[in-house]
Amino acid sequence: CCAFVSMALGRNEVDKAKRSVGNAVVLSVASSLVLTAVYLMFANSIIAMFGGTVNEETFHHSQEYFFYITLGIPFYMFGQAMNPIIRADGKFAMVSTLAGAVINIILDPIFIFIFQWGMMGAAVATVIGQVATAALAVWYLLHMKIIKPASGDYALRGSICGRMLTLGITSFLSQIS
């Protein structure tokens, strides 16, 4: 979406940029909810693939951490998907990411050692940091300098989604070759 927004703004097509941001919001939320559901359905298999079944204690800790982290996927994906868009509009992207990281760093020892939540504490601290990043992204999207999506811009449009997907795949392939 970021590349599409930049190209649309370069051509002075602000309406296309607004629609692409709206589409990116809808797609990131929808895909993150689907991914969360898939992760929850196949949690034990995913944990096993990553070696979390070495022994019963490791498996228990893995399940605990995985469950809470999985609940944070929508916030994580939304925050990370919106950061390049925010960066295309201004300089707030680093602030939102850094805020989430600092919150996580502060809450980790509190939840793990003071509240004695162990793995759950580490996961919950991480998710709270992700929620903060996502909340700051929402705030910024509502106060964007150049692109201010209206309610109609959140309706999915095949042509915009197709172009964003093409740009994304092209960008991904160029990085791995």
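Draft legend 1. Molecular detail of the packing of helix α4 (residues 56-71) against helix α5 (residues 73-89). Two elements in contact, α4 and α5, have axes whose closest approach is 4 Å; the angle formed by their N-to-C orientations is 50°. Looking at the two axes, α4 sits oblique to α5. The residues of α5 that touch α4, namely those facing Ile-69, Thr-70 and Leu-71, are Ile-73, Pro-74 and Phe-75. Classifying every residue of the contact of α4 with α5 by side-chain character gives five nonpolar, one polar and no charged.

Draft legend 2. Examining the layout of surface pockets more closely. Reported here for the largest pocket is a volume of approximately 550 Å³. Considering every element that reaches the lining of the largest pocket, the biggest residue donor is helix α8 (residues 158-176), with nine residues. Each residue belonging to the lining of the largest pocket can be placed in one class, and the counts come to 16 nonpolar, four polar and no charged.

Draft legend 3. Highlighting the packing of aromatic side chains. Tallying each qualifying case throughout the model produces eight aromatic pairs. Taken together, a centroid distance of 5.5 Å and an interplanar angle of 45° make the contact between Phe-92 and Trp-139 tilted. Placement of Phe-92 in the loop between α5 and α6 (93-114) and of Trp-139 in helix α7 (residues 118-142) is noted, with a sequence separation of 47 residues between them. Residue Phe-92 is classed as buried on the basis of its relative accessible area, which comes to 16%. With relative accessibility at 43%, the residue Trp-139 sits in the partly exposed group.

Draft legend 4. Summary view of the confidence of the model for the protein chain. With 99% of its residues at a pLDDT of at least 70, the protein chain reaches an overall mean of 90. Within the protein chain, α8 has the poorest average pLDDT of any element, 78, and helix α3 (residues 43-49) the best, 97.

Draft legend 5. Spatial organisation of a nonpolar patch on the surface. Side chains of Leu-165, Ile-169, Phe-172, Leu-173 and Ile-176 sit close together on the surface and give an oily, nonpolar patch of about 520 Å² of accessible area. Relative to the helices and strands, Phe-172 is located in helix α8.

Draft legend 6. Focus on the side chain of Thr-126. Relative to the helices and strands, Thr-126 is located in helix α7. Setting aside chain neighbours within four positions, we find Thr-126 in contact with Tyr-65, Ile-69 and Asn-104.

Draft legend 7. Up close: the side chain of Ser-20. Here Ser-20 is to be found in helix α2 (residues 14-41). For Ser-20, the contacting residues outside a window of four places in its chain are Cys-1, Phe-4, Val-5, Ile-160 and Met-164.

Draft legend 8. Broad picture of the pattern of salt bridges. Using the criterion set out here, one finds three salt bridges in the structure. Residue Arg-11 is joined to Glu-13 by a salt bridge in which the shortest nitrogen-to-oxygen separation is 3.0 Å. Residue classification places Glu-13 among the partly exposed positions, given a relative accessible area of 25%. Notably, a salt bridge pairs Lys-18 with Asp-15, separated by 3.9 Å at the nearest N-O pair. With Lys-18 and Asp-15 both in helix α2 and three residues apart, the pair spans about one turn of that helix. By relative accessible area, Asp-15 is classed as partly exposed at 47%. Taken together, the shared-partner salt bridges in this structure form one network comprising Arg-11, Glu-13 and Lys-16.

Cut-offs applied
- Residues numbered from 1 in each chain as written.
- Predicted model: local features only at pLDDT ≥ 70, side-chain atom pairs only at ≥ 80, totals over all residues.
- Heavy atoms only, no water.
- Axes fitted to C-alpha atoms, helices over the stretch in contact; angles between N-to-C directions.
- Helix = DSSP H or I, 4+ residues; strand = E, 2+ residues; numbered from the N terminus.
- Parallel < 35°, antiparallel > 145°, perpendicular 65-115°, else oblique.
- Contact = heavy atoms within 4.5 Å.
- Nonpolar A, V, L, I, M, F, W, Y, C, P; charged D, E, K, R; others polar.
- 1 Å grid on protein atoms, 1.4 Å probe; cavity = no way out; pocket = protein on both sides within 12 Å on 5 of 7 lines; lining within 4 Å.
- Points joined across faces, edges and corners; volume = space filled by probe spheres on them.
- Phe/Tyr/Trp six-rings, centres within 6.5 Å; stacked < 30°, edge-to-face > 60°.
- Buried < 20%, exposed > 50% of the residue type's maximum accessible area, 1.4 Å probe, protein only.
- pLDDT = per-residue confidence, 0-100.
- Patch = residues over 30% accessible without salt bridge, like charges linked within 9 Å, V, L, I, M, F, W, Y side chains within 5 Å.
- Areas by Shrake-Rupley, 256 points an atom, 1.4 Å probe, with all protein chains shown as cover.
- Salt bridge = Lys/Arg side-chain N within 4 Å of Asp/Glu carboxyl O.

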